[in-house]
Structures are given as C-alpha cells and as structure tokens.
Amino acid sequence: MIFCSAVVPEPAVCAKIAADSSFRKKRRLLPDSLVDRWALITGASSGIGAEFARQLAARGMHLVLTARREDRLRELAEELDLRHGAKTELIPLDLSEPDAPRRLWDEIVSRNIRMHILVNNAGFSQVSEVDRASREKLLEMVRLNVAAVTDLTYRALPSMLEEGDGGVINVSSLTGFQPVAYMGVYAASKAYILHLSESLWAELRDRGVHVMALCPGTTRTELFEVAGVSGWLKKRPSHSPERVVRTALRAFRKKRPVCIPGARNHLLTLLQRFLPRKRVVRGSMKYFRPLNPRPAGEAEASDRAD
Ligand SMILES: NC(=O)c1ccc[n+]([C@@H]2O[C@H](COP(=O)([O-])OP(=O)(O)OC[C@H]3O[C@@H](n4cnc5c(N)ncnc54)[C@H](OP(=O)(O)O)[C@@H]3O)[C@@H](O)[C@H]2O)c1
C-alpha cells in the first residue's frame, strides 16, 4: 500500500506524465524530430510539392506553401489543418519573376519563421523541337528551375548553418543524369540542380546541414500537361507522388546526397554511365520525341485554364 501511494503522483503530475508519454509515443513515430519545425515548399499547389506538404505535415511540421495558384494552396492548407493540425502560411507568387525569391524570403523573415527544411520543388518542362520552341518560355524555365533554386538555397542555408541543423531537398530529375533531346533546357536545368546539390552535400555534411537532390523518374502529376505531352503518362511506367516523396524523406533521414526512387530508374542511371554519350543522347531522341508536337506555350494556355 505504502509503495503504491508513494508512486501515485499528483493529478497535475499524472497529466504531465500522460502528456510526456504521448509525446514520447509521437516521437517514436517521428524519429526525425521534425515536430513543430517549419518547412518551405515551393510548387506546393499540385503533384510532388503538394505530397511533400502532406507527408511533412503528417510528421508534425508547419509549412510555408508557395506557388502561383492561391486557391489550390488554400484548399491544401485546410486539408492539412483538419488532418494534422499543421500551421500553414501561404505566400502565393510567380517564382520565375527575377525578384520573387527575395520577396518570398523577406516575407518569411517578416513573419518570424525560422526554416528547418527547404524543398525547392517548383519547376516545369517544355517538350518541343528546336524550331517550335518558345525562347521566352525556355528563359522562364531557367529562371524558375535554376535561378530561383539557387537563390532560395543560398538564402536558407546561413541560418541552418548557424543552428548546425536542417536541410534542403532540391527536386532534380532522372533527366539530370544525361542530355535529353527535345527537352535540352529542362534536362540541363536538372543536371545543374543535381551537381549543385551534391557539391553542397559534400561541403556541408560535417556542419550538420544536409542537402539532397531528389531525382524522380516519370511521376503521375500535371507536369506532362504543362509540357504539352499529356499522352506520355499512359505510355511509360510511372510512380505516384506519394511513393516518390515517401522514398525521398527516407533517403533524407539517412542523409543521402541523391535519391532516385525506383530500382529500375536507379539501374537506368547506372547503365547510361557505361554507354558512349553520343549513343545515350541519340537514344533519347526515340524516347522523348514529342508525339503530337504543339508549339511550346500553347499547352499552358489551355491546360492551366482552371
Ligand atoms: N512528374 C514527373 O515525372 C517529374 C519527374 C522528375 C522531376 N520532376 C520535378 O518535380 C517537380 C514538381 O513537378 P510535378 O511533377 O509535381 O509537376 P506539377 O504537378 O506540374 O507541379 C509543379 C509545381 O510547380 C509550380 N510552379 C510552376 N511554375 C511556377 C512558377 N512560375 N512560380 C511558382 N510556382 C510554379 C506549380 O504551381 P502553380 O502552377 O500553381 O504556380 C506546381 O505547384 C518539378 O521540379 C519537376 O521538374 C517531375
């Protein structure tokens, strides 16, 4: 009896223990201690970015979401609040505008948010023969896929390095491993992201900050409609965004420099290393030739009409 009364704590302490043990239980489910920390996800209004938002919110993170389509961001924020009680801050903007990364970062700083993870995911592709390509669209792609990624990465890293914690996930692509006909600028932009991320991984790994390139193969998202090749998804083996992001977060936790979801995709990147580069890029002509070529830019007008 005496033993029992001695170990039965006060109600207030009981509540604390219950809270602590539920927290411990939560922590067991969340081994990467992301709880109550903030992540910035660019391109969160659809596809892989929206899925990053779902899976990071499920791990207890709060999110800054950005993309151009505010209505989509708002819907997603409501879903995340309802399901996970995640705090979200929405900052809709067009990241291909030269000054947009600075405006985005200033807004984050003015809201007193310290970023633990940056997911540079926003990006688009155009598939077209050279003489039908829109130079304007290609330059917009370079500003979004290359300049904005670089800008945000170098804005986010200093405070992460100060804390010796956190990291960046840069969404590259399987196409980043080789030159690709009909989408040369896109593949080159993804090769840039891959090389930048690997360099930063090496440079920062002993300073507590992790940088990883995510290189998905074909993934079932709106990317193909935007690129003017919506038929591609039916003709190629593909992954769901859910699987891509699950694999990415596992690799990020293991501090991998590069994540290639899917064994087949991984094998493809190994294979092309042993083939002559001429053969690889010529091979890409068969695989990536536009089926019903449309002038670049038309796709966006019709496909983004929501
Ligand atoms: N799907 C694939 O097979 C695949 C494979 C390898 C890599 N990736 C990469 O994965 C990333 C995500 O693409 P996804 O497949 O999820 O395609 P998606 O569904 O089309 O998503 C692209 C996201 O980027 C945003 N975005 C596009 N232009 C923008 C701009 N100017 N400013 C701000 N945000 C912009 C879009 O939002 P708004 O339109 O609302 O602005 C959208 O949220 C991209 O970097 C893509 O290159 C995709």
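Every chain's residues receive numbers from 1 upward, in the order its sequence appears when written. This being a predicted model, a pLDDT of at least 70 is required before a residue's local features are given, and a value of 80 or more before pairs of side-chain atoms are given or counted; all residues contribute to the totals for chains, interfaces and linings.

### Some words on the overall build of the protein
When helices and strands are tallied, the protein shows 13 helices and seven strands. In the protein, which comprises 306 residues, the proportion classed as buried is 37%. Counting contacts in the protein only where the partners sit at least 6 residues apart, residues at least 24 apart contribute 68% of the total. Secondary structure elements are defined from DSSP: runs of H or I of at least 4 residues count as helices, runs of E of at least 2 residues count as strands, and each element is numbered from the N terminus. Residues with at least 20 other C-beta atoms within 10 Å of their own are called buried, those with 12 or fewer are called exposed, and the rest are partly exposed. The C-beta atoms themselves are positioned from the backbone. In this description, any two residues whose backbone-derived C-beta atoms lie within 7 Å of each other are considered to be in contact.

### Details of the sheet that holds strand β1 (residues 38-42)
If DSSP finds at least two bridges between two strands, the strands pair. Taken in spatial order, the seven strands make up an open sheet running β3-β2-β1-β4-β5-β6-β7, and their pairing is parallel. Each edge of the open sheet carries a strand with a single partner, namely β3 (88-90) and β7 (258-259). Where strand β5 (residues 167-171) meets strand β6 (residues 210-214), five bridges bridge the pair, whose relative direction is parallel. Residue pairing for β6: Val171 is matched across the bridge by Leu214. Here helix α3 (residues 47-58) sits on the sheet and contacts β1, β2 (62-66), β4 (115-120) and β5; the angle it forms with β1, its principal contact strand, is near 165 degrees. Axis definition: a line fit to C-alpha positions, over the contact stretch in the case of helices; interaxial angles, taken between N-to-C directions, run 0 to 180 degrees.

### Overview of the packing of α3 against helix α4 (residues 70-84)
Contact geometry for α3 and α4: axes closest at 10 Å, N-to-C directions at 20 degrees. Comparing the axis directions of α3 and α4 gives the class roughly parallel. For the pair α3 and α4, the sense of crossing is right-handed. The residues of α4 that touch α3, namely those facing Ala50, Ala53, Arg54, Ala57 and Ala58, are Leu76, Leu80 and His84. A class-by-class count of the residues in the contact of α3 with α4 yields six nonpolar, one polar and one charged. Should an angle lie under 35 degrees it is considered roughly parallel, over 145 roughly antiparallel, and from 65 to 115 roughly perpendicular; all remaining angles are considered oblique. The sense of a crossing depends on the near helix, which, turned anticlockwise from the far helix by less than a right angle, makes the crossing left-handed and, turned clockwise, makes it right-handed. For this scheme, ten residues count as nonpolar: Ala, Val, Leu, Ile, Met, Phe, Trp, Tyr, Cys and Pro. Four count as charged, namely Asp, Glu, Lys and Arg, and the remainder, Gly too, count as polar.

### Regarding α4
Side chains of residues three or four places apart in an α-helix project in the same direction, reflecting 3.6 residues per turn. Look at α4: 21 Å from first C-alpha to last across 15 residues, which is about the 21 Å you get at 1.5 Å a residue. On its buried face, α4 sits against α3, β2 and β3. At the C-terminal side of α4, Gly85 shows a positive phi close to 65 degrees. Given a helix with a known number of residues, its expected span is that number minus one, times 1.5 Å.

### Comments concerning the site of the ligand
As a structural note, the neighbourhood of the ligand is formed by 29 residues, with Gly43, Gly47, Arg68, Arg69 and Gly123 the closest of them. A total of three residues in the shell around the ligand trace back to one element, the largest contributor, which is α3. Looking at side-chain class alone, the shell around the ligand contains eleven nonpolar, 13 polar and five charged residues. In this text, near has one meaning. A residue is near a molecule or strand if its C-beta atom, placed using the backbone, is within 6 Å of it.

### Here's the deal with helix α6 (residues 135-163)
Between its terminal C-alpha atoms α6 stretches 42 Å, which fits the 42 Å expected from 29 residues at 1.5 Å a residue. Bend, at a single residue, is the angle you get between axes fitted to the 7 residues ending at that residue and the 7 residues starting at it. Along its length, α6 shows its largest kink, about 35 degrees, at Ala147. Every buried residue belonging to α6 is among Met141, Leu144, Asn145, Ala148, Val149, Asp151, Leu152, Ala156, Leu157 and Met160, and all of these are buried. Contact partners of the buried residues in α6: α5 (100-110), β4, β5 and α7 (184-204). Downstream of α6 by one or two residues, Gly164 has phi in the positive range, about 65 degrees.

### As for the confidence of the model for the protein
This prediction gives the protein a mean pLDDT of 88; 84% of its residues lie at or above 70. A residue's pLDDT is simply how confident the predictor is in it, with values from 0 to 100. With pLDDT under 50 throughout, residues 1-31 is counted as low confidence; its partners more than four residues away or in other chains account for six contacts. The low-confidence segment residues 299-306, where pLDDT is below 50, has eight contacts with residues more than four positions distant or belonging to other chains.

### Let's talk about the pairing of β5
Burial analysis of β5 places five of its five residues in the buried class, which makes it a mostly covered element. With burial as the criterion, each face of β5 is covered, one bearing Gly167, Ile169 and Val171 and the other bearing Val168 and Asn170. Two elements, β4 and β5, share four bridges in a ladder whose sense is parallel. Each residue of the ladder has a partner; that of Leu118, found in β5, is Val168. Crossover β4 to β5 through α6 is right-handed. Whether a crossover is right-handed comes down to one check: with the strands pointing away from the viewer, does the path from the first strand over the helix to the second run clockwise; if it does, it is right-handed.

### So, the environment of Gln178
Among the secondary structure elements, Gln178 is positioned in the loop between β5 and α7. Judged by the 19 C-beta atoms lying within 10 Å of it, Gln178 is partly exposed. Linking Gln178 and Gln272, residues 94 residues apart in sequence, is a C-alpha distance of 7.8 Å. Among all residues touching Gln178, those that are not within four sequence positions of it are Ala187, Gln272, Val280, Val281 and Ser284.

### With respect to the environment of Met183
Counting through the fold element by element, Met183 comes out in the loop between β5 and α7. The sequence separation of Met183 and Glu129 amounts to 54 residues, and the corresponding C-alpha distance is 8.3 Å. Dropping the residues within four chain positions of it, Met183 is found in contact with Ser125, Gln126, Val127, Thr175 and Phe288.

### Concerning the packing of α5 against α6
Packing of α5 against α6 brings their axes to within 9 Å, and their N-to-C directions diverge by 30 degrees. Accordingly, the angle class assigned to the pair α5 and α6 is roughly parallel. The element α5 and its partner α6 pack so that their crossing is right-handed. In this structure, α5 uses Ala100, Pro101 and Trp105 to contact α6, whose residues at the interface are Ala148, Asp151, Leu152 and Arg155. Residues of the contact of α5 with α6, tallied by class, amount to five nonpolar, no polar and two charged.

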